[in-house]
Amino acid sequence: MVPWLSLLVALPLIGAVIVLLIPKSAQADSQIKWFAIIWSLVPLAVASFLWFGLYNPAVSKMQFEETAMWISAINVRYHLGVDGLSMPLVWLTTLLTVLSLYYSSFTIHERIREFFFMFLLLEVGMLGVFVSLDFFLFYVFWELGLVPMYFLIAIWGHKEDRPLYSSIKFFLYTLAGSVFMLLAIIAMYINTSSATTLGTFDFIELAAKKPFANDWTFQTLAFWAIFIAFAIKVPLFPFHTWLPDAHTAAPTAGSVILAGILLKLGTYGIVRVLVPIFPQAFQANATIIGILAAISIVYGALAAMAQTDFKRLIAYSSVNHMGYVILGIAAAVAVGAAKVDDRAIALNGAILQMFNHGVITGALFFIVGMLYERAHTRALAEFGGLGAKIPVYGAILLTATFASLGLPGLAGFISEFMVFRGAFATMSVLSTISVLGIVFGAAMLLWKVIQKVLLGAFDDAKWKEKESHGIHLNDLVRFEAITVAPLIFLMVLIGVYPSVILNTINTLSTAILSAIKF
Amino acid sequence: MFNLAFLIPIFPLLAFVLIVFFLNRNNRVSALTAVGGILLAGVFSYGVLFEAIGRGGELAKHPESFSLPGFFTLPTGKETFFVGWMIDPLAAITLFMVTTICLMIFIYSIGYMQHSHTDAQGQHHVTDDPRYARFFAYISLFAGGMLGLVISSNLIELFLFWEIMGLCSYLLIGFWSVRAPGEHHIDDAQTVRAKFAAIKAFLTTRVGDSVFFIGIIFLYIHAHDLTFPVIFTEETLHHLAKTEMLPGVPWVTVIALLILAGTIGKSAQFPLHIWLPDAMEGPTPVSALIHAATMVSAGVYLIARMFPLFLTAAETHGPVMQVVALVGAFTALFAATIGIAQDDIKRVLAYSTISQLGFMVAALGIEAYTAGTFHLITHAFFKALLFLSAGAVIHGVGTNDMMNMGGLRKKMPITATVFIVGAIALAGIPPFAGFWSKDEILGHAFELGFGEHPDPVASAVFVMLAIAAFCTAFYMTRQIFLTFFGEGRDHHAFEHAHESPVVMWAPLAVLAFFAATIGFINATPLGIDFFGKFVGEYVLGIKAHMEHTPFNPLVAGMSVGIALTGIALGYLLYGLRPLKHGQRDPLMVLGPVWTLLRNKYFMDELYGVVIAQKAGPAGKTGKADSVRVQPGLLLMFVGWLSEVCYAFDKAIVDGMVNLVAALGRALATVSGWIDKTFVDGAVNLVGVVTEEIGDGLKLIQTGRVQNYLLLAVTGATICVLVFFLIR
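Residues numbered from 1 in each chain as written. Chains lettered and ligands numbered in written order. Predicted model: local features only at pLDDT ≥ 70, side-chain atom pairs only at ≥ 80, totals over all residues.

What follows deals with the overall build of chain B. Counting its secondary structure elements, chain B contains 29 helices and 11 strands. Taking 27 Å as the expected radius of gyration for a compact globule of 727 residues, we find that chain B reaches 38 Å, considerably beyond that expectation. The C-alpha extent of chain B, read off along each of the three principal axes, is 150 × 75 × 55 Å. A fraction of 78% describes how many contacts in chain B between residues 6 or more apart in sequence connect residues 24 or more apart. (Helix = DSSP H or I, 4+ residues; strand = E, 2+ residues; numbered from the N terminus. Rg over C-alpha atoms; globule rule 2.2 N^0.38 Å. Contact = placed C-beta atoms within 7 Å.)

Following Phe-237 of chain A, the chain continues into Pro-238 of chain A via a peptide bond in cis, with omega recorded as 0 degrees. In the segment running from Phe-270 of chain B into Pro-271 of chain B, the intervening peptide bond is cis, with an omega of 5 degrees. As for its placement among the helices and strands, Pro-271 of chain B is situated in the loop between helix H10 (251-266) and helix H11 (275-278). Although it is not a glycine, Lys-210 of chain A adopts a positive phi angle of roughly 50 degrees. Mapping Lys-210 of chain A onto the fold places it in the loop between helix H7 (203-209) and helix H8 (216-233). The exposure class assigned to Lys-210 of chain A is partly exposed, which follows from the 17 C-beta atoms found within 10 Å. Positive phi is not limited to glycine here, since Ala-268 of chain B has a value of about 55 degrees. (Buried ≥ 20, exposed ≤ 12 C-beta atoms within 10 Å, placed from the backbone.)

A separate point is the domain arrangement of chain B. Taken domain by domain, chain B holds domain 1 (2-116 + 125-631) and domain 2 (635-726). Domain 1 of chain B and domain 2 of chain B are separated by 83 Å when their C-alpha centres are compared. (Domains from an automatic or database assignment.)

The next subject is the pairing of strand S2 (residues 76-82) of chain A. In the case of a regular strand, side chains alternate between the two sheet surfaces. Residue and element names in this part refer to chain A. Burial within S2 is extensive, with 5 of its 7 residues counted as buried. Relative to S2, strand S1 (residues 63-71) runs antiparallel, the two being bridged by 6 bridges. Note that in S2 the partner of Glu-66 across the bridge is Leu-80. In this antiparallel pair of consecutive strands, S1 and S2, the connection spans 4 residues, and Asn-75 shows a positive phi of 60 degrees. (Pairing = 2+ DSSP bridges.)

Turning our attention to the nonpolar core. All names here are of chain B. If you look at the biggest cluster of nonpolar residues, it comprises 457 residues, and the most contacted ones within it are Ala-384, Leu-465 and Ala-515. Among the elements that make up this core, the one with the highest residue count is helix H7 (residues 188-223) (21 residues). The residues touching Ala-515, leaving out its near neighbours within four places in the chain, are Phe-381, Phe-382, Leu-385, Val-421, Gly-422, Ala-425, Phe-432 and Ala-433. (Core = buried A, V, L, I, M, F, W, Y, C linked by C-beta atoms within 7 Å.)

Residues with a pLDDT of 70 or more make up 94% of chain B, whose mean pLDDT is 86. Scored by ipTM, the complex comes to 0.91, with pTM at 0.90. (pLDDT = per-residue confidence, 0-100.)

Residue and element names in this part refer to chain A. Here Ile-314 is to be found in helix H12 (residues 310-333). As a C-alpha pair, Ile-314 and Tyr-102 span 212 residues in sequence and 22 Å in three-dimensional space. Ignoring any residue separated from it by four or fewer positions in sequence, one finds Ile-314 in contact with Thr-361, Leu-364, Phe-365 and Val-368.

Further remarks concern the interface of chain B and chain A. Taken together, the 44 residues of chain B in the interface contact 48 residues of chain A. Of all the secondary-structure elements, those providing two or more residues to the side of chain B that touches chain A are helix H6 (155-173), strand S5 (178-179), H7 and helix H28 (633-698) of chain B. The element best represented in the side of chain B that touches chain A is H7 of chain B, accounting for 15 residues. Looking at the side of chain B that touches chain A residue by residue, the class counts come to 26 nonpolar, 8 polar and 10 charged. Note: strand S3 (residues 456-457) of chain A against S5 of chain B, 2 bridges, orientation parallel. (Nonpolar A, V, L, I, M, F, W, Y, C, P; charged D, E, K, R; others polar.)

This paragraph deals with the packing of H7 of chain B against H10 of chain B. Residues and elements named next belong to chain B. Where H7 meets H10, the axes come as close as 7 Å, and the angle between the chain directions of the two elements is 155 degrees. Considering the angle they form, H7 stands roughly antiparallel to H10. In this structure, the crossing between H7 and H10 has a hand that is left-handed. Taken together, the residues of H10 that come into contact with H7 (itself represented by Thr-204, Thr-205, Val-207, Gly-208, Asp-209, Val-211, Phe-212, Ile-214, Gly-215, Phe-218, Leu-219 and His-222) are Trp-251, Val-254, Ile-255, Leu-258, Ile-259, Ala-261, Gly-262, Ile-264, Gly-265 and Lys-266. Here the contact of H7 with H10 is built from residues that sort into 13 nonpolar, 7 polar and 2 charged. (Axes fitted to C-alpha atoms, helices over the stretch in contact; angles between N-to-C directions. Parallel < 35°, antiparallel > 145°, perpendicular 65-115°, else oblique. Left-handed = near helix turned anticlockwise from the far one by under 90°.)

Residues and elements named next belong to chain A. The interhelical angle for the contact between helix H16 (residues 411-426) and helix H19 (residues 478-496), taken along N-to-C directions, is 45 degrees, at an axis separation of 6 Å. Considering their axes alone, H16 and H19 lie oblique with respect to each other. Every residue of H19 that contacts H16 at Ala-411, Phe-413 and Ile-414 is listed here: Leu-490, Met-491, Ile-494 and Gly-495.

Below, the structure is given as structure tokens:
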């Protein structure tokens, strides 16, 4: 038996150490870049091999499991495994890391060694969260992912966008949520222990034992403590205000990972932890959570519409898009007469939406970054007519935008359809309100993004004048095209052939929901 | 043949992919690829049609559906969803219509997308549009979408193609919304108008589509499937009629009304009609193809496809059919009146399209299934013809404004002839196509509204449609006289005018042939009811219990009379004394009514967006700021709401976060002060005390040995004394 998942998590860690060890020389920077890029392909290859080669989508149980006792005094185990929820996210993490490193190797020019070290460390944290099945271990990786991102924003962030303020806000906000989670973890441990036996941190055992099953107050408290930690990460209204600041300040690759993966840690946690362990509490509070999701959807789209900064607009659109994920999850567990199949569709949609949002918004942040690299500004009012001037860029922006607003034939539609298909069965009023978000979302992207950036007449005189300041609006160059091409391909692939990923997800959703008594 | 029908949309889609990825640098090859794609699709479509005709009535009873198991599936819990296609008579005849019109328009576009201009030396140049290849890519994608929609066997697939068409519509309306430096085929004002028109079109239809989307979802929830052969069974329909959303409101009614919203958006029915007139900013072939013949009629096609559902809803005595009929009839009348007062040659046709789509929707609403679908087919031919010939005129004179035209029949005889053929067909003069289909709709409405059991809704529908038909004849006559007769009111434009190249007029001739003759496939007064037998007896295997209206000479006479009166009035006002340069429109005597019609009843000001050239010389400059873009009240509200949300976000939501942070820092400061003052103070106190003691003690530290000795002896004595005392 190959310990695949340990290997997967260890690979970037080893890479990070090697990055530190590459000797100082004139070529060290380019050696570090190329080493990191090539090395990061290995986890992608392993993850691809696992998902498309070894993983059995028909089985809902954990696969590639590894268990070992770590701290026996408090029954902490080194327990890894993946299922239909984590497998796609693991794969997406490795993919986005490769693309981010590749893109950064052309666009990051200072402190190369530290940047690539931090990035690989970040990958360790993210992969660790997705494969951990022990709450203690999960928490370690959860916090581990926080630190490199803090530095990425603070050190390599855009100087004019208050990187220090934004990074500290991001760090403290997430940390504040984690503290509640930690308390709940300890409480669950104590609750599951008895005079003779130790408690447990294991997700599978916790889901079977259902801590605080007879103590409603404590169950609700623990539920909310963990939920808030995850909701901050998602981010769900009203915990979202760290996101626009962090995104605006972060370097392009940082934004991509932040939107593509780190936000998913929140929704992943909700499905992994809260749905199986606290189904009753979740069900009782599903309406409140659904309301917060609906607010996120509508309000996120409206707040995005008011933005004048391209990157900030995309950041706010994440609030809208992640709202669909939460709506789907809440609808899947909500009280009601709906059948398990109806609920499974909602959960399928929510999980697929996590993946799709990672692909689409990841691509959009790359696209924003590419424009910023050229124009040295992100103010939407500065642009216009780029669709004629740089058509390849225009085509890619157009595709990503339409995927984002849920055009059928592209990825976003499938997940939105499934979320709403499930959500209307249990929460029809909230879903109807949320449909407004689809309209506002489309308005925001067409009116604010495409119209302002791509359409209109190109102001030749203005940009000619800027050329003397070293600003050249040329079309995409090869490395940029290579960076976004896989993401564009995924948008189309999932849009027309969703079962390639849905088969994996569907087995799991059905199993999770079948285990709950409604 | 049917089992290969899925190839029909594949060919144009393939052309799209080829052009985008490989051929886009070569304009000629791109155009030929697009034409080749649609030609192949046409060959297969004709094959499907002939086979369908061969099967006769059997096909209507048992539509053939196919699926591709294993390829496109949507796992949903334990259910799985398959992609497939379905052929029934309606699909077969629509395929024929779409591919024929597409082919003609594609060929026409080869010529239309070239622009002629005269350079400084007076040399005449003809150049391709800067994005010539892209245009053919887009229209190929569109054709794929439309053909895919026609053969879809389930509602989700239909919705997918529906939205792909919406995307193409957006891209093509906005085709001239970008201008690179050095391009002179359009001016900046055009880019501004085009981009806002495109956004307006997409978002307005999006509103309808979102409601339609909810309808699909509710249908999926309650019918457990979206595949037509599965949902249109007696059992499922019965189930939908029996389960209720609210007491007395069965789901079938709710779903049908939600689906109707999709039609209202896509087919530009009131109140979502506002996007279609502005969509005329796109190149004219696009207006003909998407905004007259095919995409906008997809909304009507949707109702026809879902007809069993609508019939079931009608049986439960929900007001569904009445709503459909009234929306259609009102739109028909409403748009026809606006059409009277427009000067833009394409916008008149756009309002005419809205109006004619209203006829079709109204026809379906009064359960005249055959008449409605028949009008869908005939209208597509003559309206495409009208648009393309209007395009030839615009291409010739370089303006859209009919007030700057006049006398063009001398310069463009072929174009004038085919335009008049189209106009007569539209006005409803026998034996041209429009007469047969429109007469059938009017006849049906009359029969229901004034027959044995008069239905007030049907009689209202009849009255509205009759007035609309009158307006139609009138505005077409006005258009013909303003454009082709009299004298050239703009000398420059008239001089510039020239007949189109053969690549443009040949397709017009083909379409004119169909516009004149296609009506004979269902000329009921002559005893020909091929179309009715073929399409109308069964709808998706459900027996259509609609009775054929016997031919009513009274109605036919009335409808011809209405058309002739409209033409006569138009001739009186515009034909007898053609407008001369600088003369005002005779209809301006209507005063406030004229203003109201001219401004389209101010709907744009209310909830749309006004996109117009400013009046006066500013409009002629071609500068971006010569366009007036004024959001309507509803849009201004949404914009305001978005600003309020963001202000709230910054001030309150983020304010709370920053407040917590500030409180934390304040607390830290306080605790720091306490720390320094008390906690650290205590520590310092110890230090201070030690110091003080030291200070006191140092007084005795004199440095003199004898003093130390004295101290030592004293100390030792005390110690000894103490020792002894204790003992």
